[in-house]
Each structure stands twice: as C-alpha cells, then as structure tokens.
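Here is what each chain is made of, one letter per residue.
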Amino acid sequence: PAPSHLLTGLTPDRRGISAGITALLDDMGVRLLALSQTVLHDYFTVLISARLPAAVDADVLRDKVQAQIGPDATVAIVAHRAPTAAAVDADRYVLTATGRPHPGLVRTVSALVASRGGNFTDFYSQTVGDRVTMVAEVDLPADVALDQLQIDLEHATATSGVHVRIQHHRLVVATNEIAFRRVQP
C-alpha cells in the first residue's frame, strides 16, 4: 500500500526511542511501511513512511510521538503526495568516497551526479579526524555515460586525495555478500 503520511523526529539520543515510537504506532493502528533511523553526533533521527487509518488524526499522532520521545524532540508529520515528475528509467548504483576531507567535497560530488540526472536515494558522509567516508545509493538514468561520470568524479577530487568510485549495486552486492557455508565432514 502507498503511504498516507511521513513522520520525522529529531531528539537527543537515548535507548529505546525506536521501540517506543513503533509501539505507539502499533497501538494506534498505524501501519509502518518503511523506517530509516540513524544517530548523528548523539542525536537520534528517524523518518517513517506510514499508512494512517481514517480514525487517526495526524496532529494527534504527532503530539503523541512528541510526548513519547521527549520534550527536547522536534517532530513533524506531513501528508504523502505522489511524485509529480515523470518516472525515469534508472539503474541503482553505489557511490563511495574516502580520503582527506576538504570544503566542498559533498557539494562537488552531488553536483556532478545531479548534472547527469542522478538522484541520491540514500547518502552518508562522515569525517573522523583527517579521513572522510561517503557512501551513497544513487539512481542514474539507464543511458548515463557511467565511464565518463567516473572520470569526471576522479578528476574533480584528484587534487584533494579523495578516491571516488561508482559501481552498479548488483556488483557491490555480488562482491560483498557474506554467505556462510558449512562444509559437511
């Protein structure tokens, strides 16, 4: 089923936030369709796609989630709207980047991907000490010149010492999947 609403929350992290939110949703009869959650610099963040039953008011749900996760939380709920842009025939890719951080790195990489019609569907970037790590899932049009995009990404980041790689998601899955196989004696 399609979602009726998206709910997001931001609050200082503590144990049990996801358990509390999902218990509340279940108790109210809200169908959880997707959940994306992370902790960033000691702040819990969540984005939930849900289907609210007709009897559940979105503002009441927001207030109950706010009460559940605490007075320092920011909670928002919006009605889901179907995309207005035409669907693009796209393939899924994984973009990785590692190296020395520098100002404008995320801007440079994201602008190059956008200039080729790409859309980031998941994006993670973190700097620890003198190392930056970026991992992103990107939808690119099926007719994108992938080799040229790779060359342009490498060229744009070469002087900074950042290594950027973009690979089809099936290649990443095939080369990184762990499969334990027990050998019978």
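Summary of the structure given here. (Residues numbered from 1 in each chain as written. Predicted model: local features only at pLDDT ≥ 70, side-chain atom pairs only at ≥ 80, totals over all residues. Heavy atoms only, no water.)

## Things to note about the environment of Arg131
Position of Arg131 among the secondary structure elements: in strand β7 (residues 131-141). Judged by relative accessible area, Arg131 falls into the partly exposed class, the value being 46%. Sequence spacing of Arg131 and Ala111 is 20 residues, and the spatial spacing of their C-alpha atoms is 21 Å. (Helix = DSSP H or I, 4+ residues; strand = E, 2+ residues; numbered from the N terminus. Buried < 20%, exposed > 50% of the residue type's maximum accessible area, 1.4 Å probe, protein only.)

## What about the packing of helix α1 (residues 17-27) against helix α2 (residues 58-69)?
Contact pair α1 / α2: the axes reach a minimum separation of 10 Å and the direction vectors enclose 150°. It follows from the interaxial angle that α1 and α2 lie roughly antiparallel. Considering the relative orientation of α1 and α2, their crossing is right-handed. When α1 is examined against α2, the residues Ile17, Gly20, Ile21, Leu24 and Leu25 are found in contact with a partner set consisting of Leu61, Lys64, Val65, Gln68 and Ile69. Each residue belonging to the contact of α1 with α2 can be placed in one class, and the counts come to seven nonpolar, two polar and one charged. (Axes fitted to C-alpha atoms, helices over the stretch in contact; angles between N-to-C directions. Parallel < 35°, antiparallel > 145°, perpendicular 65-115°, else oblique. Left-handed = near helix turned anticlockwise from the far one by under 90°. Contact = heavy atoms within 4.5 Å. Nonpolar A, V, L, I, M, F, W, Y, C, P; charged D, E, K, R; others polar.)

## Side note on the sheet that holds strand β8 (residues 163-168)
With antiparallel pairing, four strands are arranged side by side in an open sheet as β6-β7-β5-β8. Lying at the two open borders of the sheet, with one neighbouring strand each, are β6 (119-128) and β8. Recorded for the sheet is a direction-independent mean angle of 15° between the axes of neighbouring strands. Direction of pairing for strand β5 (residues 90-99) relative to β7: antiparallel, over a ladder of 10 bridges. Residue Tyr93 lies in a different strand from β7, and its bridge partner there is Val138. Against the sheet, helix α3 (residues 105-115) contacts β5, β6 and β7, and its axis sits at roughly 15° relative to β7. Of the strands in this sheet, β5 and β8 are in contact with helix α5 (residues 169-176), which crosses β8 at around 95°. (Pairing = 2+ DSSP bridges.)

## Some thoughts on the side chain of His5
Mapped onto the elements of the fold, His5 is located in strand β1 (residues 5-12). Only 2.9 Å separates the side chain of His5 from the side chain of Ser4, close enough to count as a polar contact. Look past the residues within four positions of His5 in its chain and what remains in contact with it is Ile48, Ser49, Ala50, Leu52, Ala58, Ile77, Val78, Ala79 and His80. (Polar contact = N/O pair within 3.5 Å; in protein donor to acceptor, adjacent residues only side chain to side chain.)

## A look at the pattern of salt bridges
Two side chains with opposite charge may pair up if their charged atoms get near one another. Counted by the stated rule, this structure contains four salt bridges. The salt bridge involving Arg62 is made with Asp59; its shortest N-O contact spans 3.1 Å. Taken as a pair, Arg62 and Asp59 lie in helix α2 at a separation of three residues, close to a single helical turn. For Arg62, a relative accessible area of 27% puts it in the partly exposed group. The residue Asp152 makes a salt bridge to Arg116 at a minimum N-O spacing of 2.4 Å. Remark: Arg116 occurs in the loop between α3 and β6 and Asp152 occurs in helix α4 (residues 146-157); sequence separation between them is 36 residues. With relative accessibility at 24%, the residue Arg116 sits in the partly exposed group. Three or more residues joined by partner-sharing salt bridges are found here, namely Asp59, Arg62 and Asp63. (Salt bridge = Lys/Arg side-chain N within 4 Å of Asp/Glu carboxyl O.)

## A closer look at the sheet that holds strand β2 (residues 31-40)
Strand order in this open sheet of four strands is β2-β3-β1-β4, and the pairing throughout is antiparallel. Whereas interior strands pair on both sides, the edge strands pair on one side only; in this sheet they are β2 and β4 (74-79). Ignoring which end each strand starts from, the neighbouring axes of this sheet average 10° apart. For β2 and strand β3 (residues 43-51), the ladder comprises nine bridges, and the chain directions are antiparallel. Counted as the bridge partner of Thr38 is Thr45 from β3. Where α1 meets the sheet, it contacts β1, β2 and β3, and its direction lies at approximately 20° from that of β3. This element, α2, spans β1 and β4 of the sheet and lies at about 155° to β4.

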